[in-house]
Amino acid sequence: MTGLLQTEAFDVEKVRADFPILKRKVHGKRLVYLDNAATTQKPQAVIDALVDYYSRYNSNVHRSVHTLGEEATAAYEASRERVAKFVGGEPREAVFVRGTTEATNLVRYAWGEKHIAKGDLLVSTRMEHHSNIVPWQLLARSRGATLKFVELTPDGHLDMGSLEELLRESPRLVAFTHCSNVLGTINDATAICAKAHAAGAVTVVDGAQSVPHFPVDLASIGADFYAFSGHKMLGPTGIGVLMGKKQLLQDMDPFEGGGEMIREVFDDHSTWNDVPYKFEAGTVNIADAIGLGAAVDYLTALGMDNVRKHEVRLLDYARDVLSGVKGLQVYGPEDSQQRSGLVAFNYADVHPHDLATILDEEGVAIRSGHHCAQLLMRCLDVPATSRASFHVYNSYDDIDALKQGIMKAGAIFKV
Ligand code: C6P
């Protein structure tokens, strides 16, 4: 197929024009950016929001009564409202953090150190990114708790039998990803949260690969904590969100001590500000929070249902195109409806880093490696995979370029 994809969802050519970086060339070739699960590109509207803040109303927030201070505070808080609404949550339950990793670590410290006791059980899964494993290992170690993992089925789903078995041991915490960054598997977060809550556990859901790709409604999912990163959803790096149930956030200890997270400070103790400010110590990442608000506006204008529709079309096309490549093994569920817009694969004996290097020479950017999911790599019995991941500006042409690059690697390595 030639020409850019025109889905019934939106006009990809028009979307691409909003992303200045897509005009650049790499090794003299058109940039084909297929590393969106690592980080997405930024539309002009997000770049403009950052420049506008720094050039017109740069100031600290929640402190100064001067005009710039008031404007910066209003923009920062308006962004919180837009981001919370985007995922069906309340602004008071939205804590700005650096990203998903900081969010899970915040829960580990501020909730875990207070509520987890010796002998407690924590549950994670074998399809997690390290940021939803390592904090729980650290918590288990510091509190004398045990960490166990939900097993996977051969077709790349969570094994519900394994989850049920662990739930019978009454875990205090169940941490799982809404969507795998390697398999693409979309987990039924609503059902898992309901089961975990019935077993008495607190739930932590990693939304890093879900919020950017399909509609998420926290009111129906019911997670206690839900984390995501701005930079994977067309926003700036260094900003993300921890959504937490108000009651839990209020009951938690602070994460960091410092300015603005306090109400009063005495010689020997302090009292805390309301949530979410209790968790936003010091000068916060104002510009990037405002930039994230602009990214949310951009995605909202496209419509998350349309974003999802677009990615399913790309997934179907990728499956058809890549199924003809001899020696290519794709991981994760076959049905595009059960997976998000990414494809992890191995190609015969070609090392993923070699493949990624050859693709780069063609202007095609993919990721290769363990994708910070080493427990999953062990389940797949491979040290690494290649991964092509999509977003709103990708087209059928991009997938054709991916296939051509793979065929070039095949010719070099005599597959
Ligand atoms: N995955 C990838 O290439 P941070 O780095 O904090 O913004 O996000 C961490 C994270 C958490 N959960 C999932 C499911 C993720 O995919 C990621 C980040 C990138 O797959 C970089 S390792």
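Residues numbered from 1 in each chain as written. Predicted model: local features only at pLDDT ≥ 70, side-chain atom pairs only at ≥ 80, totals over all residues. Heavy atoms only, no water.

Before going further, it helps to examine the side chain of Glu-77. Structurally, Glu-77 is set in helix H3 (residues 67–86). What makes Glu-77 buried here is its relative accessible area of 16%. Polar contacts involving the side chain of Glu-77 include one to the side chain of Tyr-277, which spans 3.4 Å. In contact with Glu-77, other than residues within four places in its own chain, are His-62 and Tyr-277. (Helix = DSSP H or I, 4+ residues; strand = E, 2+ residues; numbered from the N terminus. Buried < 20%, exposed > 50% of the residue type's maximum accessible area, 1.4 Å probe, protein only. Polar contact = N/O pair within 3.5 Å; in protein donor to acceptor, adjacent residues only side chain to side chain. Contact = heavy atoms within 4.5 Å.)

Time to look at the domain arrangement of the protein. How big an interface is tends to be stated in terms of accessible area lost as the parts join. Per the domain assignment, the segments making up the protein are domain 1 (12–30 + 303–412) and domain 2 (48–300). Tallying the contact residues gives 33 residues for domain 1 and 31 residues for domain 2. Of the roughly 2500 Å² buried where domain 1 meets domain 2, counting both sides, 65% is carbon and sulfur surface. By the criterion of area lost to domain 2, the three top residues of domain 1 are Met-304, Leu-375 and Leu-376, representing 26% of everything that side buries. The interface formed by domain 1 and domain 2 holds 0 salt bridges in total. In this assembly, domain 1 and domain 2 are joined by 15 residue pairs in polar contact (both at pLDDT 80 or more). Across the side of domain 1 that touches domain 2, the residue classes tally to 18 nonpolar, 9 polar and 6 charged. (Domains from an automatic or database assignment. Buried area = accessible area lost by both parts, 1.4 Å probe. Salt bridge = Lys/Arg side-chain N within 4 Å of Asp/Glu carboxyl O. Nonpolar A, V, L, I, M, F, W, Y, C, P; charged D, E, K, R; others polar.)

Moving on, we get to the side chain of Ser-124. Relative to the elements of secondary structure, Ser-124 occurs in strand E5 (residues 121–125). Among the residues examined, Ser-124 registers a relative accessible area of 0% and is labelled buried. There is a polar contact of 3.0 Å between the side chain of Ser-124 and the backbone oxygen of Asn-132. Discounting residues that sit within four places of it in the chain, Ser-124 has contacts with Asn-132, Ile-133, Trp-136, Leu-147, Lys-148, Phe-149, Val-150 and Ala-175.

On to the state of the cysteines. Linking two cysteines covalently via their sulfur atoms produces the bond known as a disulfide. Enumeration over the complete set of coordinates arrives at 0 disulfides. Considering cysteine sulfurs only, Cys-179 is the nearest to Cys-193, which forms no disulfide, with 15 Å between them. For Cys-193, a relative accessible area of 0% translates into the label buried. (Disulfide = S-S within 2.5 Å.)

A regular strand places its side chains so that they alternate between the two faces of the sheet. In this structure, strand E11 (residues 262–265) lies alongside strand E12 (residues 270–272), joined through 3 bridges in antiparallel fashion. Across the sheet, the residue bridging to Ile-262 is Trp-272, located in E12. Between the antiparallel neighbours E11 and E12 lie 4 residues. (Pairing = 2+ DSSP bridges.)

In this structure, Tyr-226, Phe-228, Met-243 and Val-392 are the most contacted members of the largest nonpolar core, which totals 79 residues. Here this core takes 11 residues from helix H10 (residues 286–302), the largest share from any one element. Each of domain 1 (12–30 + 303–412) and domain 2 (48–300) gives at least three residues to this core. Among all residues touching Val-392, those that are not within four sequence positions of it are Phe-10, Val-12, Val-15, Phe-19, Leu-234, Leu-302, Val-307 and His-310. Judged by nonpolar contacts, the second largest core, of 29 residues, contains Val-95, Ala-110, Trp-136 and Val-275. (Core = buried A, V, L, I, M, F, W, Y, C linked by side-chain atoms within 4.5 Å.)

By the definition in use, this model includes 8 aromatic pairs. Residues Tyr-76 and Phe-96 carry aromatic rings whose centres are separated by 5.2 Å and whose planes lie at 50 degrees to one another, so their mutual orientation is tilted. With Tyr-76 in helix H3 and Phe-96 in strand E4 (residues 94–97), the pair connects residues that are 20 residues apart, well separated along the chain. Residue classification places Phe-96 among the buried positions, given a relative accessible area of 8%. Ring centres 5.7 Å apart and planes at 45 degrees place the aromatic pair Tyr-109 and Phe-255 in the tilted group. Of this pair, Tyr-109 sits in helix H4 (residues 100–115) while Phe-255 sits in the loop between helix H9 (246–251) and E11, and the two are 146 residues apart along the sequence. Note on Phe-255: relative accessible area 23%, which makes it partly exposed. An aromatic cluster is built from Phe-19, Tyr-298 and Tyr-393, whose rings are joined through pairwise contacts. Across from the ring centre of Tyr-109, 4.4 Å away, lies the NZ or CZ of Arg-108, which sits over that ring. (Phe/Tyr/Trp six-rings, centres within 6.5 Å; stacked < 30°, edge-to-face > 60°. Lys NZ or Arg CZ within 6 Å of the ring centre and 35° of its normal.)

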